[in-house]
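A structural walkthrough
Chain residues, written in single-letter form:
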Amino acid sequence: AATAAAAATKTTTAHFSHLSTPSSLIMCKTTAQGMATARPETSPSASTSSTASFGSSNRESPLLILKVGTSSLMLSDETGFRVNLGNLARLVDTIAALKRDGYQVVLVSSGAVGMGCIKLNLTKRPTSIRTKQAVAAAGQSHLIRIYEDLFGALNLQVAQLLLNQSDFLDQEHWSSIKSTINECLALGVVPIINEND
């Protein structure tokens, strides 16, 4: 199987680069082609200089942050948008396999606008920021419901966190977010992070 380094491109956004030390955090960006085969280069049993952590919890399992973009989740043509269920299923199956191998996984997912277009029967993505925000708001519940159904089929539970840039700038907010993510991971829940437009 290809390694995550081979399947990944650049890391996610700079916002997430400081969640842990580089030696303990593996970040990769999934693609439509690499989603089914993305795997970290090292196993959880391999010795590392530090443990992955959002805060002060003493987890021994490496932490993976996977970023999946709209183009991997959606298909579109002149008739409109539809969900790429094949890619979604492969993504969920990959995360389930990583968790069985002992990894902690956080999923950063786009796709709310695309899901909103499906829900509202729109054939084109909105261009105005206000309309885009409204469509994303409509699509968030649709997106998380699909994730819940797919992960639930593999006996995994998910939690949705809606974040925006200001959450990373306010120390109190960021501390609360880290605590929430840590608790989700401790409970075996897969945190799914979306941008809150």
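Structure's up top.
**Section: the overall build of the protein chain**
Per the secondary structure count, the protein chain includes seven helices and seven strands. Starting at the N terminus, the α and β elements of the protein chain follow one another as α-β-β-α-β-β-α-β-α-α-β-α-α-β. Nonlocal contacts in the protein chain, meaning residues at least 24 apart in sequence, comprise 73% of its contacts between residues at least 6 apart.

**Concerning helix H5 (residues 129–152)**
Counted at 1.5 Å a residue, the expected span for H5 with its 24 residues is 34 Å, and the 33 Å between its end C-alpha atoms agrees. Along H5, the helix axis deviates most sharply at Gly139, where the bend reaches about 30°. Burial in H5 covers these residues: Val135, Ala136, Ala138, Gly139, Gln140, His142, Leu143, Ile144, Ile146, Tyr147 and Phe151.

**Some words on the nonpolar core**
Judged by nonpolar contacts, the single largest core of 30 residues is most densely connected at Leu73, Ile95, Val105, Leu107, Tyr147, Phe151 and Ile192. For this core, the element with the most residues is H5, which contributes seven residues. Excluding residues that lie within four positions of it along the chain, Leu107 makes contacts with Leu66, Val68, Leu91, Ile95, Tyr147, Pro191, Ile192 and Ile193.

**A word on the environment of Tyr147**
Relative to the elements of secondary structure, Tyr147 occurs in helix H5. With relative accessibility at 0%, the residue Tyr147 sits in the buried group. Residues Tyr147 and Val92 lie 55 residues apart in sequence; the distance between their C-alpha atoms is 8.0 Å. Leaving out residues up to four positions away in the same chain, Tyr147 has contacts with Val68, Leu73, Leu88, Leu91, Val92, Leu107, Ser109, Gly152 and Ile192. Among the polar contacts made by the side chain of Tyr147, one reaches the side chain of Ser109 at a distance of 2.8 Å.

**With respect to the pairing of strand E2 (residues 63–68)**
Most of E2 sits out of view: six of its six residues are buried. Taking every second residue as pointing to the same face, both faces of E2 are buried, with Leu63, Ile65 and Lys67 on one and Leu64, Leu66 and Val68 on the other. Across six bridges, the pairing between E2 and strand E5 (residues 104–109) is parallel. In the strand pairing of E5, Val68 is matched with Ser109.

**Structural notes on unusual backbone geometry**
Residue Asn121 is not a glycine yet carries a positive backbone phi of 60°. Residue position: Asn121 is located in the loop between helix H4 (112–119) and H5. Look at Asn155: it is not a glycine, yet its phi comes out positive at around 60°. By secondary structure assignment, the location of Asn155 is in the loop between H5 and strand E6 (158–163).

**Quick notes on helix H3 (residues 85–100)**
Compared with an ideal rise of 1.5 Å per residue, which puts 16 residues at 22 Å, H3 spans 22 Å between its outermost C-alpha atoms and is within 8% of the ideal. Trailing H3 by a residue or two, Gly102 shows a phi angle of about 100°, which is positive.

**Topic: the pattern of salt bridges**
Counting across every chain of the model gives one salt bridge. Salt-bridge contacts for Asp77 lead to Arg82; the nearest nitrogen and oxygen are separated by 3.0 Å. Taking the relative accessible area as the measure of exposure, Asp77 reaches 31% and is therefore partly exposed. For Arg82, a relative accessible area of 42% gives the class partly exposed.

**Details of the environment of Thr70**
Here Thr70 is to be found in helix H2 (residues 70–73). Considering only alpha carbons, one finds Thr70 and Gly111, 41 residues apart in sequence, at a separation of 4.6 Å. Apart from residues no more than four positions distant in its own chain, Thr70 is found in contact with Ser110, Gly111 and Arg125.

**Focus: the packing of aromatic side chains**
Using the criterion set out here, one finds two aromatic pairs in the structure. Geometrically, the ring pair formed by Tyr147 and Phe151 is tilted, given 6.2 Å between the ring centres and 40° between the ring planes. Remark: Phe151 and Tyr147 occur in helix H5; sequence separation between them is four residues, near one turn of the helix. The two residues Tyr147 and Phe151 agree in class, both being buried.

Procedures and definitions
Residues numbered from 1 in each chain as written. Predicted model: local features only at pLDDT ≥ 70, side-chain atom pairs only at ≥ 80, totals over all residues. Heavy atoms only, no water. Helix = DSSP H or I, 4+ residues; strand = E, 2+ residues; numbered from the N terminus. Contact = heavy atoms within 4.5 Å. Expected span 1.5 Å × (residues − 1). Bend = angle between axes of the 7 residues up to and from the residue. Buried < 20%, exposed > 50% of the residue type's maximum accessible area, 1.4 Å probe, protein only. Core = buried A, V, L, I, M, F, W, Y, C linked by side-chain atoms within 4.5 Å. Polar contact = N/O pair within 3.5 Å; in protein donor to acceptor, adjacent residues only side chain to side chain. Pairing = 2+ DSSP bridges. Salt bridge = Lys/Arg side-chain N within 4 Å of Asp/Glu carboxyl O. Phe/Tyr/Trp six-rings, centres within 6.5 Å; stacked < 30°, edge-to-face > 60°.

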